[in-house]
Amino acid sequence: MGFTVTFWGVRGTIPCPMASHLGFGGNTSCVEVRAGSQRIILDAGTGLRPLGRKLLAEGVTAATLLLSHTHLDHISGFPFFAPAYTKGFSLRVVSGHLSGSPNIEAVMARQMERPLFPVPMRTMGGDLSFIEVPAGHSFKLEGGVRIHTAALNHPDGATGYRIEYRGHSMAYVTDTEHVPDQPDRNILNLVDGVDLLLYDSTFTDEEWSQRIGWGHSTWREAIRIAKGGNVKRLCLFHHDPDHDDQTMDAIEKEAQAELPNCFAAREGTTVTLR
């Protein structure tokens, strides 16, 4: 069976439902990975809502949600994920950036408590389980899928993921801040030789210099990581909400001039790993 990556949300920070952003998409981070029989979801941004509708329409009954971290742009789609309210649907939620209290279940429940949200998490009728996997550890899913993790440099912590299936691999590295001229060894080890790397490319170098400490990286650093990690194909991800379609087109063209096998993530696009 196949190994595909589909983009349901490609933005960072806040949704951008404007005509000027529709070419690349306005939903926040959510990526669907199909690895054989496994449905794996990377982050629960606002793109999770339409993905949930699709899963129900296809009769899918189980999924694993891997959270990079729990800032709002990466979890705000969770209360609107219809499968979680559906009896018979099994959802594993995995997190690796929290240590101690509160745990991941408590954090996900908190955003659904009054006065923030009127429907508490306990009303979800699906079979939900919450698992803590410390960053740096590896684990397996059914069907021959293996997942490796690494700690990222982000306020409150974040986790990067590498998913391997039948000799192919992809890595999801978003919400991380680089240090100039000091490649992150955790990231390089995680992404080494992957077929596809999704990397936090929120800022240009000029923008990043005014936002040091915000926990994000640049498309030029993405290229350096891709080259240093022998990545086969690079995907620029977690687009800044101020970057409209015209800006993103220009960034993509400039990046492709330096690394031809590179593209900027667009909602609705599916990449097949062969």
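In this text, all values refer to a predicted model and were calculated from it rather than measured experimentally.

Analysis parameters
- Residues numbered from 1 in each chain as written.
- Predicted model: local features only at pLDDT ≥ 70, side-chain atom pairs only at ≥ 80, totals over all residues.
- Heavy atoms only, no water.
- Salt bridge = Lys/Arg side-chain N within 4 Å of Asp/Glu carboxyl O.
- Helix = DSSP H or I, 4+ residues; strand = E, 2+ residues; numbered from the N terminus.
- Buried < 20%, exposed > 50% of the residue type's maximum accessible area, 1.4 Å probe, protein only.
- Phe/Tyr/Trp six-rings, centres within 6.5 Å; stacked < 30°, edge-to-face > 60°.
- Disulfide = S-S within 2.5 Å.
- Pairing = 2+ DSSP bridges.
- Axes fitted to C-alpha atoms, helices over the stretch in contact; angles between N-to-C directions.
- Right-handed = clockwise from strand over helix to strand, strands pointing away.
- Polar contact = N/O pair within 3.5 Å; in protein donor to acceptor, adjacent residues only side chain to side chain.
- Contact = heavy atoms within 4.5 Å.
- 1 Å grid on protein atoms, 1.4 Å probe; cavity = no way out; pocket = protein on both sides within 12 Å on 5 of 7 lines; lining within 4 Å.
- Points joined across faces, edges and corners; volume = space filled by probe spheres on them.
- Nonpolar A, V, L, I, M, F, W, Y, C, P; charged D, E, K, R; others polar.
- Core = buried A, V, L, I, M, F, W, Y, C linked by side-chain atoms within 4.5 Å.
- Lys, Arg positive; Asp, Glu negative; His and termini not counted.

Concerning the pattern of salt bridges
And step 1. In total, this model carries 12 salt bridges according to the counting rule given.
And step 2. The shortest N-O distance in the salt bridge between Lys54 and Glu58 comes to 3.0 Å.
And step 3. The salt bridge involving Arg220 is made with Asp205; its shortest N-O contact spans 4.0 Å. Highlighted residues: Arg220 in helix H5 (residues 219-228) and Asp205 in helix H4 (residues 205-209), separated in sequence by 15 residues.
And step 4. On the basis of relative accessibility, which here comes to 23%, the residue Arg220 falls in the partly exposed class.
And step 5. Each of Glu32, Arg39, Lys54 and Glu58 takes part in one network of salt bridges that share partners.

Section: the packing of aromatic side chains
And step 1. One pass over the full model with this rule turns up 7 aromatic pairs.
And step 2. Taking 5.9 Å as the distance between ring centres and 90° as the angle between the ring planes, the aromatic pair formed by Phe3 and Tyr165 counts as edge-to-face. Of the two residues, Phe3 is situated in strand E1 (residues 3-9) and Tyr165 in strand E9 (residues 158-165); the sequence distance between them amounts to 162 residues. Pair check on accessibility: Phe3 and Tyr165 agree, each one buried.
And step 3. Between the aromatic rings of Phe7 and Phe237, the centroid separation amounts to 6.4 Å while the plane-to-plane angle is 40°, which identifies the pairing as tilted. Placement of Phe7 in strand E1 and of Phe237 in strand E12 (residues 234-237) is noted, with a sequence separation of 230 residues between them.

Examining the state of the cysteines
And step 1. Under the defined criterion, the tally for this structure stands at 0 disulfides.
And step 2. Not part of a disulfide, Cys16 finds its nearest cysteine sulfur in Cys30, a span of 16 Å.
And step 3. Judged by relative accessible area, which is 3%, Cys16 ranks as buried.
And step 4. Here Cys30 stays free of any disulfide, with the sulfur of Cys235 as its closest cysteine sulfur at 14 Å.

A word on the sheet that holds strand E5 (residues 90-95)
And step 1. Here 7 strands make up an open sheet; going across it, the order is E6-E5-E4-E3-E2-E1-E14 and the pairing mixed. At either end of the open sheet lies a strand with only one pairing partner, and these are strand E6 (127-132) and strand E14 (270-272). Taking the axes of each pair of neighbouring strands and ignoring which way they run, one obtains an average angle of 20° across the sheet.

Topic: the pairing of E6
And step 1. Of the pairings in the sheet, the one linking E5 to E6 comprises 6 bridges and is parallel in character. Residue Ser95 lies in a different strand from E6, and its bridge partner there is Glu132.
And step 2. In this fold, the crossover linking E5 to E6 by way of helix H2 (residues 104-110) has right-handed handedness.

Concerning the side chain of His238
And step 1. Mapped onto the fold, His238 is located in the loop between E12 and helix H6 (245-258).
And step 2. In this structure the side chain of His238 is engaged in a polar contact, spanning 3.0 Å, whose partner is the side chain of Asp175.
And step 3. A polar contact of 3.0 Å, which involves the side chain of His238, links it to the side chain of Thr202.

With respect to the sheet that holds strand E11 (residues 196-200)
And step 1. Judged by pairing direction, the sheet is mixed, and its 7 strands sit side by side in the order E7-E8-E9-E10-E11-E12-E13 without closing on themselves. Each of the sheet's edge strands pairs with one partner strand only, and the pair in question is strand E7 (138-141) and strand E13 (262-264). Strand-to-strand twist in this sheet, taken as the mean axis angle between neighbours without regard to direction, amounts to 20°.
And step 2. Where strand E8 (residues 145-152) meets E9, 8 bridges bridge the pair, whose relative direction is antiparallel. When the sheet's bridge partners are listed, Arg146 is paired in E9 with Glu164.
And step 3. Contacts between H5 and the sheet are confined to E11 and E12, with E12 contributing the most and set at about 155° to the helix.
And step 4. Sitting on the sheet, H6 touches E12 and E13, and the angle it makes with E13 is about 170°.

A short note on the layout of surface pockets
Think of a ball as big as a water molecule: rolled over the atoms, this probe shows where empty space is left.
And step 1. Within this model, the largest pocket holds a volume of roughly 210 Å³.
And step 2. Lining the largest pocket are Thr70, His71, Leu72, Ile75, His97, Leu98, Pro102, Val107, Arg110, Gln111, Leu116 and Asp156.
And step 3. Per-class residue counts for the lining of the largest pocket are 6 nonpolar, 4 polar and 2 charged.

With respect to the nonpolar core
And step 1. Ranked by size, the top nonpolar core spans 29 residues in total, and within it Phe7, Ile163 and Met170 carry the most contacts.
And step 2. With residues up to four places along the chain from it excluded, the contact list for Ile163 reads Phe3, Val33, Ile40, Leu42, Leu66, Val145, Arg146, Ile147, His168, Ser169 and Met170.

Re the side chain of Asp43
And step 1. With respect to the element layout, Asp43 can be found in the loop between strand E3 (38-42) and helix H1 (48-57).
And step 2. The buried charged residue Asp43 lacks any salt bridge partner; its closest oppositely charged side chain belongs to Arg11, at an N-O distance of 15 Å.
And step 3. In this structure the side chain of Asp43 is engaged in a polar contact, spanning 2.8 Å, whose partner is the side chain of Ser68.
And step 4. With residues near it in sequence (within four places) discarded, Asp43 still touches Ser29, Cys30, Leu65, Leu66, Leu67, Ser68, His69, His74, Tyr172 and Thr174.

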